[in-house]
Amino acid sequence: MLIDYHTHNELCKHADGTLEEYVQQAIKLGLNEIGLADHSPMPNDWDIEVRMYEAQFWADYKPTVLKLREKYKDAITVKFALEGDFFPGTESWVKSFNAKNEFDYVIGSVHYLGEWGFDNPLYIGKFEHVDIDQVYISYYDHIKRSAQSGLFDIIGHCDLVKKFGHRPKKNIEEVLRETFKVVKQSGMSVEINTSGLRKPVKEVYPSEQILRIISEYDIPLTIGSDAHTPTDVGRDFNVARQLVEKYGKGKISLYTNRQRSEVNI
Ligand SMILES: [Zn+2]
Ligand SMILES: [Zn+2]
């Protein structure tokens, strides 16, 4: 069983290809399921440079995903999903937006610490002016709160803060343990996201240090490429598969109508 639960498309303005091209690529690769999980709109169309307008969600994204699900149902299972942002202050908007839809799952990602979009190459300079240990502590505080929020099903790329290669100076094992204890309590799963291999850090999200903790706490896993171009669908899944065998007892989670089930990879 192979799935890709994290893909984008041209609606977010920083990815190429139509939704249909991602589905077709997944079929070509022989995947069993593809999750269409583009960046969610935000209240008042905030941060619109890197995501769809809310109006586009209703007029284009949602109907297209549902149409593709039907059109390709004999070839692949298409999941209707989103990658949401955990951004303090937007929780009630996100909650009511999600409730208006029949998502199969919603990924919860932290891309912002305050107003700082720390994974955006445009703002990489800020890393020179911050205490990196504090950035990591703040990042994991956000991850923990995203798990406590109850808004999401899957923790997205749970060490994205390492994207450009910035590492904490001190050992953050305790911070990680405290964070993933909360993730375990939330019942969420964590994705193995292969896009880190295509970024300066050249490493899967999450690191093996985190995967060891995840395995110890018996937290379920999913898999995603975070494809921003159709040919990235399923990229480096041989690596992801090995990590699932090693740290997840060979099991991955599937989601339908926001209910989790587990299958052998
Ligand atoms: Zn993106
Ligand atoms: Zn993301």
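Preceding this paragraph is the structure being described.
## Topic: the overall build of the chain
Along its length, the chain carries seven helices and nine strands. Taken over the C-alpha trace, the chain has a radius of gyration of 17 Å; the compact-globule value for 265 residues is 18 Å, and the two agree within 12%. Principal-axis analysis of the C-alpha atoms places the extent of the chain at approximately 50 × 40 × 30 Å. Here the chain holds 265 residues, and 43% of them are scored as buried. Look at the contacts in the chain between residues 6 or more apart in sequence, and 77% of them connect residues 24 or more apart.

## Description of the pairing of strand β2 (residues 33-39)
By the criterion of burial, β2 is predominantly enclosed, with seven of the seven residues buried. Taken together, the three bridges between strand β1 (residues 3-7) and β2 define a ladder with parallel strand orientation. Following the sheet pairing, D4 is matched in β2 by I34. With respect to chirality, the unit in which β1 leads through helix α1 (residues 19-29) into the neighbouring parallel β2 is right-handed. The pairing of β2 with strand β3 (residues 77-85) spans seven bridges and is parallel. The partner of L36 across the bridge, within β3, is F80.

## Considering the packing of helix α4 (residues 132-148) against helix α5 (residues 173-186)
Two numbers describe how α4 lies on α5: the axes approach to 8 Å, and their chain directions differ by 10°. It follows from the interaxial angle that α4 and α5 lie roughly parallel. Across the interface between the two elements, Y136, I137, Y140, I143, K144, A147 and Q148 from α4 touch V175, L176, T179, V182, V183 and S186 from α5. Considered class by class, the residues forming the contact of α4 with α5 number nine nonpolar, three polar and one charged.

## Let's talk about the packing of α1 against helix α2 (residues 54-71)
At a minimum axis distance of 10 Å, the contact between α1 and α2 shows a crossing angle of 30°. Regarding the angle of α1 to α2, the classification is roughly parallel. Our pair here, α1 against α2, has a crossing hand that is right-handed. In this structure, α1 contributes L19, E20 and V23 to the contact, and α2 contributes T64, V65 and L68. The residue inventory of the contact of α1 with α2, partitioned by class, reads four nonpolar, one polar and one charged.

## Topic: the environment of Q25
Looking at the element boundaries, Q25 is found in helix α1. Along the backbone, Q25 and L160 are 135 residues apart, and their C-alpha atoms lie at a distance of 26 Å. Contacts of Q25, omitting those with residues within four sequence positions, involve P230, T231 and V233.

## Things to note about the nonpolar core
Counting residues in each nonpolar core, the largest one holds 64 residues, and the members touching the most others are L36 and A81. For A81, the residues in contact, after removing those within four places along its chain, are G35, L36, A37, F103, D104, Y105, V106 and I107.

## With respect to the sheet that holds strand β7 (residues 221-224)
Read from one edge to the other, the open sheet built from seven strands follows the order β1-β2-β3-β4-β5-β6-β7, with strand pairing classed as parallel. On the outer flanks of this sheet lie β1 and β7, each paired with one strand and no other. Each of β2 and β3 is contacted by α2, which is oriented at about 155° to β3, the strand it contacts most.

## Considering helix α6 (residues 208-216)
Every buried residue belonging to α6 is among I210, L211, I213 and I214, and all of these are buried. Here the buried residues of α6 occupy an arc of 160° about the axis, which is enough to place them on one side. Those residues of α6 that are buried are in contact with α5, β6 (189-193) and α7 (237-247). D218 sits one or two positions beyond α6 and adopts a positive phi of about 60°.

Calculation rules
- Residues numbered from 1 in each chain as written.
- Chains lettered and ligands numbered in written order.
- Predicted model: local features only at pLDDT ≥ 70, side-chain atom pairs only at ≥ 80, totals over all residues.
- Helix = DSSP H or I, 4+ residues; strand = E, 2+ residues; numbered from the N terminus.
- Rg over C-alpha atoms; globule rule 2.2 N^0.38 Å.
- Buried ≥ 20, exposed ≤ 12 C-beta atoms within 10 Å, placed from the backbone.
- Contact = placed C-beta atoms within 7 Å.
- Pairing = 2+ DSSP bridges.
- Right-handed = clockwise from strand over helix to strand, strands pointing away.
- Axes fitted to C-alpha atoms, helices over the stretch in contact; angles between N-to-C directions.
- Parallel < 35°, antiparallel > 145°, perpendicular 65-115°, else oblique.
- Nonpolar A, V, L, I, M, F, W, Y, C, P; charged D, E, K, R; others polar.
- Left-handed = near helix turned anticlockwise from the far one by under 90°.
- Core = buried A, V, L, I, M, F, W, Y, C linked by C-beta atoms within 7 Å.
- Arc of directions from axis to C-beta.

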